[in-house]
Amino acid sequence: MSKAAAKNYGDTPEGFMSIPKDELFPIDAINCAKGRVNAVLTMLIVALNTEGADTIHPHTIAEALWSVQGHIDQMEIMIDHAYESVHPLIHAKN
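Draft legend 1. Geometry of the overall build of the protein chain. For the protein chain, the helix and strand inventory stands at four helices and zero strands. Counted from the first residue to the last, the protein chain has its helices and strands arranged as α-α-α-α. Sorting the 94 residues of the protein chain into buried and exposed places 29% on the buried side. Counted over contacts in the protein chain with a minimum sequence separation of 6, partners at least 24 positions apart contribute 54%. Carbon together with sulfur atoms contributes 60% to the accessible area of the protein chain, which is approximately 6,600 Å² in total.

Written out as structure tokens, the structure reads:
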């Protein structure tokens with residue numbers, strides 16, 4: 001990982017976005033993005049399954065779902081980079 005990414009973000013999706021194409025992929029960035037998606041989905045599930053309590057505004061639900069879509073898009077980019085950076089190494093060992 002580049003020194004700037006490690007200094008600012010560690011193994012997060014944001015840190016990944018500054019990794020040069022020739023560096024190996026930090027797998028923790030995918031785990032971090034997956035945890036963020038799980039957190040947003042858990043918040044929505046709890047908020048929508050609570051009967052008789054205040055509900056969240058539909059605009060907030062839409063924004064939360066947009067956030068999930070963005071995290072999934074980030075994970076697709078990270079998975080593609082991980083495959084491209086690790087796949088040649090796997091085949092080189094065989």
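Let us keep going from here.
Draft legend 2. Spotlight on the nonpolar core. In this structure, Ala29, Ile30, Ala33, Val37, Val40, Leu44, Ile61, Ala64, Val68, Met75 and Met78 together form the largest nonpolar core, which totals 11 residues. When residues of this core are traced back to their parent elements, those giving at least two are helix 3 (28-48) and helix 4 (58-93). Broken down by element, the residue count for this core peaks at six residues, all from helix 3. Once residues within four sequence positions are removed from consideration, Leu44 is found in contact with Ile56, Ile61, Ala64 and Leu65.

Draft legend 3. Just helix 3, in detail. With 21 residues, helix 3 should cover 30 Å at 1.5 Å per step; its first-to-last C-alpha distance of 30 Å lies within 8% of that length. Regarding helix 3, the residues found buried are Ala29, Ile30, Ala33, Val37, Val40, Leu44 and Ala47. Down the axis of helix 3, the smallest arc covering the buried residues is 135°, so these residues share one side. Every exposed residue of helix 3 that faces more than 90 degrees away from the buried side is listed here: Ile45 and Val46.

Draft legend 4. Representation of a nonpolar patch on the surface. The grouping of Leu41, Ile45 and Leu65 at the surface amounts to a nonpolar patch, some 260 Å² of accessible area in total. For Leu65, the location among the structural elements is in helix 4.

Draft legend 5. Spatial organisation of the side chain of His71. Tracing the sequence through the fold places His71 in helix 4. Take His71: its relative accessible area is 14%, and that puts it in the buried class.

Draft legend 6. Here's a closer look at a negative patch on the surface. Taken together, the side chains of Asp73, Glu76, Asp80 and Glu84 make up a negatively charged region of the molecular surface. By the element assignment, Asp80 lies in helix 4. Residue Asp80 is classed as partly exposed on the basis of its relative accessible area, which comes to 46%.

Reading the values: rules and limits
- Residues numbered from 1 in each chain as written.
- Predicted model: local features only at pLDDT ≥ 70, side-chain atom pairs only at ≥ 80, totals over all residues.
- Heavy atoms only, no water.
- Helix = DSSP H or I, 4+ residues; strand = E, 2+ residues; numbered from the N terminus.
- Buried < 20%, exposed > 50% of the residue type's maximum accessible area, 1.4 Å probe, protein only.
- Contact = heavy atoms within 4.5 Å.
- Areas by Shrake-Rupley, 256 points an atom, 1.4 Å probe, with all protein chains shown as cover.
- Core = buried A, V, L, I, M, F, W, Y, C linked by side-chain atoms within 4.5 Å.
- Expected span 1.5 Å × (residues − 1).
- Arc of directions from axis to C-beta.
- Patch = residues over 30% accessible without salt bridge, like charges linked within 9 Å, V, L, I, M, F, W, Y side chains within 5 Å.
- Salt bridge = Lys/Arg side-chain N within 4 Å of Asp/Glu carboxyl O.
- Lys, Arg positive; Asp, Glu negative; His and termini not counted.
- Charge placed at Lys NZ, Arg CZ, Asp CG, Glu CD.

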